[in-house]
Amino acid sequence: MNRCPLPASAGTPIPADLAAVWGAFLFEGVLVSSCEPDRARRVLDAWNQGCLELIWQCCIYLPEVWRQVESRWRDASQGFPGVFEYEVISELGTLLGDHVILNDGQLPEVDKARTIIRTLLTDFFKEEA
């Protein structure tokens, strides 16, 4: 199986209800596109291991998102500058799906994934300033 595990977060685990919502938005980003109706087929053909396996492997990146955003998440008494799930989680899914298509069915390596996540978070929180 195509695995790219990220080290376990040393902090607090993602709350289960949040992980479920994030997983749904990640799934949407990986496989759904109104501009590209055949996206799911293209991603799954490149992946060549099944939809469940793909989503399972993509969800491995969610603890890294949580690790990078947890302190801001807990301190967000005034809310966020946008909808985090659409602008970060779904977009992460889109980038992961694109990576699978463009890289012979491979998900990004750990360092690249961390950079992608950091960039998405930086762009998202720039709207606050």
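The following refers to the structure shown. Predicted model only: the values in this text are computed from it and were never measured. (Residues numbered from 1 in each chain as written. Predicted model: local features only at pLDDT ≥ 70, side-chain atom pairs only at ≥ 80, totals over all residues. Heavy atoms only, no water.)

Examining the overall build of the chain
Turning to step 1, where the next piece is worked out: Scanning the chain from N- to C-terminus turns up six helices and zero strands.
Turning to step 2, where the next piece is worked out: Written out in order from the N terminus, the α and β elements of the chain read α-α-α-α-α-α.
Turning to step 3, where the next piece is worked out: The contacts of the chain with a sequence gap of at least 6 include a subset with a gap of at least 24, amounting to 79%. (Helix = DSSP H or I, 4+ residues; strand = E, 2+ residues; numbered from the N terminus. Contact = heavy atoms within 4.5 Å.)

With respect to the packing of aromatic side chains
Turning to step 1, where the next piece is worked out: Counted under the stated rule, the structure contains twelve aromatic pairs.
Turning to step 2, where the next piece is worked out: Ring centres of F80 and F84 lie 5.9 Å apart, and the angle between their planes is 35 degrees; on these two criteria the pair is classed as tilted.
Turning to step 3, where the next piece is worked out: Counting every residue linked through ring pairs, the aromatic cluster contains W22, W66, W73, F80, F84, F124 and F125.
Turning to step 4, where the next piece is worked out: For R72, the ring lying beneath its charged end belongs to F125, and the centroid distance is 3.8 Å. (Phe/Tyr/Trp six-rings, centres within 6.5 Å; stacked < 30°, edge-to-face > 60°. Lys NZ or Arg CZ within 6 Å of the ring centre and 35° of its normal.)

So, the packing of helix α2 (residues 39-47) against helix α3 (residues 51-59)
Turning to step 1, where the next piece is worked out: Two elements in contact, α2 and α3, have axes separated by 10 Å at closest approach and are oriented at 85 degrees. Looking at the two axes, α2 sits roughly perpendicular to α3. Contacts between α2 and α3 involve V43, L44 and W47 from the former and C51, E53, L54 and Q57 from the latter.
Turning to step 2, where the next piece is worked out: By residue class, the composition of the contact of α2 with α3 is five nonpolar, one polar and one charged. (Axes fitted to C-alpha atoms, helices over the stretch in contact; angles between N-to-C directions. Parallel < 35°, antiparallel > 145°, perpendicular 65-115°, else oblique. Nonpolar A, V, L, I, M, F, W, Y, C, P; charged D, E, K, R; others polar.)

Topic: the pattern of salt bridges
Turning to step 1, where the next piece is worked out: Tallying each qualifying case throughout the model produces ten salt bridges.
Turning to step 2, where the next piece is worked out: Of the charged contacts in the structure, one is a salt bridge between D38 and R41, with a shortest N-O distance of 2.9 Å.
Turning to step 3, where the next piece is worked out: Judged by its relative accessible area of 32%, D38 is partly exposed.
Turning to step 4, where the next piece is worked out: In this structure, R39 engages D98 in a salt bridge whose closest nitrogen and oxygen atoms are separated by 2.7 Å. Here D98 lies in helix α5 (residues 84-102) and R39 lies in helix α2, a separation of 59 residues in the sequence.
Turning to step 5, where the next piece is worked out: Given a relative accessible area of 3%, R39 falls into the buried group.
Turning to step 6, where the next piece is worked out: Overlapping salt bridges, with partners in common, bring together E36, R39, R42 and D98 in one network. (Salt bridge = Lys/Arg side-chain N within 4 Å of Asp/Glu carboxyl O. Buried < 20%, exposed > 50% of the residue type's maximum accessible area, 1.4 Å probe, protein only.)

Description of α2
Turning to step 1, where the next piece is worked out: Buried residues of α2: R39, V43 and W47, and no others. For α2, the arc enclosing every buried residue in end-on projection is 60 degrees, short of the 170-degree limit, so these residues lie on one face.
Turning to step 2, where the next piece is worked out: Looking at the buried positions of α2, the neighbouring elements they touch are α1 (16-31), α3 and α5.
Turning to step 3, where the next piece is worked out: Downstream of α2 by a residue or two, N48 has a phi angle that is positive, lying close to 60 degrees. (Arc of directions from axis to C-beta.)

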